[in-house]
Amino acid sequence: MRRFTGLVFGFALLLALAPARHGLAQGGSILEAATVLGAPTTMQPSISRFLTYNTPRAFAIGPNGASGWQSGGGDAAFVEQRAIGFCERRAGPGNCAVVLRDLAIVRPGREWAPAPPPANIGISSMAHDTVPDNRFLWWGPQQARGVLVFAHGKGERASRGIGMDDARGSQPQSWTRHFNNAGYDVWRFDRHPNSDDTARAAGWLRSDLAELRRRGYRHIIVAGQSRGGWNAMMVLDRPGLADVVIAIAAAAHGRGADARNDSQWQQISQLEAILTAGQASSQARVAAANFRDDPFDAEPDRRAALLRQYGQRFAGFLLIDRPEGLIGHSAGASIAFNDRYGACLLNFATAARPPSSC
């Protein structure tokens, strides 16, 4: 019941923060899907939850309030088949149809699709791109409440020095949907694995955040997973670049079991250096999430203590420290993390008085 209440609260928060209508397309937007579809009250929590999950996604409805949905787990055909199958368990075979697909309403007579981001507006170099992700709603710098720039991790193989993982184009974690639905554009910070040096990437990110501010974004959030989260914290040494930093399982030194890492003592000393330099952005808010059994966090107690020590010096600080039921380095990408913390992270980033816990 507590989890369900959190979901309903999260959707209510989105409705309160989001513009009344997505202004770049005609008709009721997918954020108004419950109203556009005339959904019964019993179906509305399912729709609100669906809207916080990543694509590919599909929502199917049938008679007498029957519904079913699926997000991820396969390609678009698989997702639609699963959504219809879940709906037909209640409505019977052949009685359900997909009405929401990815960002669009596809119910006949109620169709709506968002306008995509303009072409060629990304910020690029020979080895990186900062670009809007077209799997998210596009608001534009003048209409958006702000922008969330999400930085991917470096990859398991690359971090172990045994090859390259190319994470460019990977979809930002689904908790970022809470921000997008509330009026924030979502951009990706993509780096070529051949050139993804920690310091070099931080330089690109600093430059690109300054450019996004110049283009008119009023509120800038930089977030990331693993090495992306580490780079997000590094930009705090330059005041005015980021209003909010969200670091999910931040890491930059490989696995603790790797002999070359000297038990990751460098991670703690360098994290302290980043947080010390970050005091230049004392007006920023900083949130961090660490998880149990994360092989890239060799000293979780010391890391948590260091974050708490320095975090109090920022305008807002939130530490999600090894929550129960969320295990491993990639736990931030899970549905469970989205359900439990997505609305809280949005509230932390946007509330007049940011919470210190979720």
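Structure first, text after, so check above.
As the structure is a computational prediction, the values presented were derived from the model and not from experiment. (Residues numbered from 1 in each chain as written. Predicted model: local features only at pLDDT ≥ 70, side-chain atom pairs only at ≥ 80, totals over all residues. Heavy atoms only, no water.)

**A word on the overall build of the protein**
Stated precisely, the cut-off is as follows: Secondary structure elements follow DSSP: runs of H or I no shorter than four residues count as helices, runs of E no shorter than two count as strands, and numbering proceeds from the N terminus. Whether a residue is buried, partly exposed or exposed follows from its accessible area with a 1.4 Å probe, protein chains only, as a fraction of its type maximum: under 20%, in between, or over 50%, in that order. We call two residues in contact when some of their heavy atoms are within 4.5 Å. We get accessible surface area from the Shrake-Rupley algorithm with a probe of 1.4 Å; when it comes to residues, only the shown protein chains can shield them.
Of regular secondary structure, the protein possesses 11 helices and 12 strands. Looking at the 358 residues of the protein, the share that counts as buried comes to 54%. When contacts within the protein are restricted to residue pairs at least 6 apart in sequence, long-range pairs at least 24 apart make up 70% of them. Accessible area of the protein: about 15200 Å², with a carbon and sulfur share of 51%.

**With respect to the sheet that holds strand β4 (residues 104-105)**
Rule in force here: One bridge is not enough; two strands pair if DSSP finds at least two bridges between them. Fitting a line to C-alpha atoms yields each axis, with helices limited to the stretch in contact; the angle taken between N-to-C directions then spans 0 to 180 degrees.
An order of β2-β1-β3-β4 is seen for the four strands of this open sheet, with the pairing classed as antiparallel. The sheet is open, and its two borders are formed by β2 (67-71) and β4, each paired with just one other strand. The sheet strands contacting helix α4 (residues 76-91) are β1 (57-61), β2 and β3 (97-101), and the helix crosses β2 at an angle near 155°.

**A short note on the sheet that holds strand β6 (residues 128-132)**
Strand order in the open sheet formed by eight strands is β5-β6-β8-β7-β9-β10-β11-β12, and the pairing between neighbours is mixed. Looking at the sheet topology across the chains shown, the edges are occupied by β5 (123-124) and β12 (316-321). Relative to strand β9 (residues 220-225), strand β7 (residues 146-151) is paired through five bridges, and the arrangement is parallel. Paired with V147 across the bridge in β9 is I220. Where helix α8 (residues 227-234) meets the sheet, its contacts fall on β7, β8 (184-191), β9 and β10 (244-248), and the angle it forms with β9 comes to roughly 145°. Across the sheet, helix α10 (residues 300-311) lies against β11 (285-290) and β12, angled at about 165° from β12, the strand it touches most.

**A closer look at the pattern of salt bridges**
Quick reminder of the rule: Any Lys or Arg side-chain nitrogen found within 4 Å of a carboxyl oxygen on Asp or Glu counts as a salt bridge.
Summed over all chains, the structure comprises 18 salt bridges. When the shortest N-O distance is used, the salt bridge between D196 and R227 registers 2.5 Å. Pair noted here: D196 is in the loop between β8 and α7 (198-214) and R227 is in helix α8, with a separation of 31 residues, a long-range link. In the salt-bridge network here, residues are joined through shared partners; they are D133, R135, R188 and D190.

**Side note on the pairing of β8**
With eight of its eight residues buried, β8 lies for the most part within the structure. Side-chain alternation along β8 places Y184, V186, R188 and D190 on one buried face and D185, W187, F189 and R191 on a second face that is also buried. The sheet contact formed by β6 and β8 spans five bridges and is antiparallel. What sits directly across from V131, in β8, is R188. Pairing of β7 with β8, which is carried by six bridges, proceeds in the parallel orientation. Within β8, the residue paired with F150 across the bridge is R188.

**Digging into the environment of Q267**
Threshold: Within 3.5 Å is the distance limit for a polar contact, defined as a pair of N or O atoms, with the added protein rule that one can donate a hydrogen and the other accept it, and that residues adjacent in sequence qualify only through two side-chain atoms.
Assignment of secondary structure puts Q267 in helix α9 (residues 265-277). Residue classification places Q267 among the buried residues on the basis of a relative accessible area of 1%. Sequence separation of Q267 and D297 is 30 residues, and the distance between their C-alpha atoms is 8.4 Å. Among the polar contacts made by the side chain of Q267, one reaches the main-chain carbonyl oxygen of F296 at a distance of 2.8 Å. In this structure the side chain of Q267 is engaged in a polar contact, spanning 3.3 Å, whose partner is the side chain of R303.

**Here's the deal with the packing of α7 against α8**
Applicable threshold: Oblique is the label for any angle not under 35 degrees, not over 145, and not in the 65 to 115 range, which are roughly parallel, roughly antiparallel and roughly perpendicular in turn. By convention the crossing between two helices is left-handed if the near helix lies anticlockwise of the far one by an angle smaller than a right angle, and right-handed if it lies clockwise. In this classification, the charged set is Asp, Glu, Lys and Arg, the nonpolar set is Ala, Val, Leu, Ile, Met, Phe, Trp, Tyr, Cys and Pro, and all remaining amino acids, among them Gly, are polar.
At a closest axis distance of 9 Å, the pairing of α7 and α8 adopts a crossing angle of 60°. Viewed along their axes, α7 and α8 adopt a mutual orientation that is oblique. You can see that α7 and α8 cross each other, and the crossing is right-handed. Where α7 approaches α8, its residues T198, A199, A201, A202, L205 and R206 are matched on the opposing element by R227, W230, N231, A232 and M234. For the contact of α7 with α8, a count of residues per class yields seven nonpolar, two polar and two charged.

**Quick look at the nonpolar core**
Under the convention used in this document: Residues belong to a common nonpolar core when they are buried Ala, Val, Leu, Ile, Met, Phe, Trp, Tyr or Cys residues joined through side-chain atoms within 4.5 Å.
Residues I47, F59, L100 and V245 are the most contacted members of the largest nonpolar core, which totals 65 residues. With six residues, the single largest contributor to this core is α7. Excluding its chain neighbours within four sequence positions, the residues that come into contact with F59 are M43, S46, I47, F50, S67, G68, W69, A83, A97, V98, V99 and L100. Of all hydrophobic cores here, the second largest spans 26 residues; its members include L148, W175, I248 and F337.

**Re the side chain of D133**
With respect to the helices and strands, the residue D133 is situated in the loop between β6 and β7. At 2.6 Å, the side chain of D133 and the side chain of R135 are in polar contact. Among all residues touching D133, those that are not within four sequence positions of it are S170, Q171, P172, V186, W187 and R188.

**Here's the deal with the state of the cysteines**
This is how it is decided: The criterion for a disulfide is a pair of cysteine sulfur atoms lying within 2.5 Å.
A complete count under the given rule lists two disulfides for this structure. Between the sulfur of C87 and that of C96 lies a disulfide, 2.1 Å long from S to S. What sets the handedness of the C87 and C96 disulfide is the S-S torsion sign, and at about -75° it is left-handed. Classification of C96 by relative accessible area gives buried; the value is 12%. Disulfide partner of C344: C358, at an S-S distance of 1.9 Å. On the sign convention where negative means left-handed, the S-S torsion of about -90° between C344 and C358 marks this disulfide as left-handed. Residue C344 is found in helix α11 (residues 335-350), and its partner C358 is found in the segment after α11; the two are separated by 14 residues along the sequence. Numbered in order of appearance, the disulfide-bonded cysteines of the protein are paired 1-2, 3-4.

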